[in-house]
Every structure is written in C-alpha cells, then in structure tokens.
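Here's the letter readout for the chains.
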Amino acid sequence: MPTKPLYLVALLLPEPALAEVWALKQEVHQRTGSRNAVRLPPHITLIPPLRQSPEFEQKARQTLAAFAVTQQPFGVGVQDFAWFGNRTLFVRVPEDEGVRAFHAALQAWCAAQLPEVPRETRPFTPHVTLATRDLPAGQVPELRSLFAARTYAATFEVATFQLFRHDGQQWQVVQAFALTAA
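A short tour of the structure in this document, coming up.

What counts and what doesn't
Residues numbered from 1 in each chain as written. Predicted model: local features only at pLDDT ≥ 70, side-chain atom pairs only at ≥ 80, totals over all residues. Heavy atoms only, no water. Helix = DSSP H or I, 4+ residues; strand = E, 2+ residues; numbered from the N terminus. Expected span 1.5 Å × (residues − 1). Buried < 20%, exposed > 50% of the residue type's maximum accessible area, 1.4 Å probe, protein only. Arc of directions from axis to C-beta. Contact = heavy atoms within 4.5 Å. Pairing = 2+ DSSP bridges. Axes fitted to C-alpha atoms, helices over the stretch in contact; angles between N-to-C directions. Core = buried A, V, L, I, M, F, W, Y, C linked by side-chain atoms within 4.5 Å.

Turning to helix α2 (residues 55–68), a few remarks are in order. Each turn of an α-helix holds 3.6 residues, which means side chains three or four residues apart point in the same direction. Between the first and last C-alpha of α2 there are 20 Å, a value that for 14 residues agrees with the 20 Å anticipated at 1.5 Å per step. Phe56, Glu57, Ala60, Thr63, Leu64, Phe67 and Ala68 are the residues of α2 that are buried. Along α2, the residues classed as buried sweep out an arc of 135° about the axis, all on the same side. In α2, those exposed residues whose orientation departs by more than 90 degrees from the buried face are Glu55 and Gln62. On its buried side, α2 packs onto β1 (6–12), β2 (43–51), α3 (97–113), β8 (160–166) and β9 (171–178).

This is the structure:
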C-alpha cells in the first residue's frame, strides 16, 4: 500500500532574506554534511508535516485560499541564532507578533474548515531552521561557537504563505496563497 502524501504549510521568507538564510543553510550543510535542512527553502512552519490522503490536497487548497483572503500582510523580524537542544540550529524570530496572530487565526480556521489538520500540542515557536536531526553530534560544539559569535538580522513583510507536498526527495510548493484582506 503506497504511503500517503506528506504536506506542510509554511511562510517562505521573501528576498533578500530568502537568499541570505539559504546561504547560511548551505554553509552549515557544507561544514557538517547535514542534509535535512537544505531540502526545504528558508521558511517558518505554520502547520508541521502531516500525512494525508491524496484527496486532502484539493480541500486544503480551497480552504487555505478562502483563509488567505481574510488576512492582511504583516511584518516579521528575524535576528541572530539559537538552538533547540543539540539537534536544531535556527534563526530566531523575536519580532513575531504578526506571525503569532496569523498562526492562531490559521489554527482556528483549520479547526472549523479543515479538521484533518490536527490541533497543535506543542507551543508555537516561530523560527527558521538552519540544521536539524541529522546534524553530526561531534560537530555541534564548533557550530555552537561559530553561530554564537555571529549576528544576523532582517525584517520583511509576509504577503503570501505556501502549501508544500513532499515528492519523496524534497518539498515542492503546491500552491502559494496571497494575503489580500483590505
């Protein structure tokens, strides 16, 4: 029996932040061999990966499109680096009021319109992953030192969000949704 497709809903960083953070992800990959984080462009996850039937995609497209027209673009700021344990290096999102409000609205919309999306069980912590799960443990101390000594900051407006599907190798954008509320 074939595996159900894997989906994800996220905010792709717009340019120039997209290129800047992509370069950081590539650098970590080249230094450590970690591949997980370079399989997806820089983004803030809104709905973590979930397996669903193929029929889910069309319903998700319609539901997310209907949600998008109720939302206005908002600002986000990213700054510097932090870790979840020893497994995940990420860019912090300290200016997160807009993304937190957007996430809460999306969760409420999905609860009512797209119940296939499970309710969040962990607190929402907006971030942009640079390296995760396959980061070699022996390289973590050096990476911690390297990124503790660095700074990075960007602010940008979020005007779209994306539905992704995993193709077995990497994540592909299925559809982008423009935030168009007046």
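There's plenty left to go through after this.
A sheet is described by the order of its strands in space; here three strands give the open sequence β4-β5-β6, paired in antiparallel fashion. In this open sheet, the two strands that pair with only one neighbour each are β4 (81–84) and β6 (127–131). If you compare each strand with its neighbour and ignore which way they point, the axes differ by 40° on average. Where β4 and strand β5 (residues 88–92) come together, four bridges link them in antiparallel fashion. Among the inter-strand pairings, Phe81 is bridged to a residue of β5, identified as Val91. Relative to β4, helix α4 (residues 140–148) is tilted by about 150°, and along the sheet it contacts β4, β5 and β6.

Another aspect to go through is the nonpolar core. Most often, soluble globular proteins have nonpolar side chains that are buried together. Core analysis: the biggest nonpolar cluster contains 48 residues, and Leu11, Leu46, Val76, Val78, Leu89, Val99 and Phe161 have the highest contact counts within it. Within the second largest apolar cluster, six residues are counted, among which are Leu6, Ala10, Leu40 and Phe164.

Side-chain alternation along strand β7 (residues 153–158) places Ala154, Phe156 and Val158 on a buried face and Ala153, Thr155 and Glu157 on a face that remains uncovered. Where strand β3 (residues 74–79) and β7 come together, six bridges link them in antiparallel fashion. By the bridge assignment, Gln79 is partnered in β7 with Ala153.

The analysis is restricted to geometry; functional conclusions fall outside its scope.
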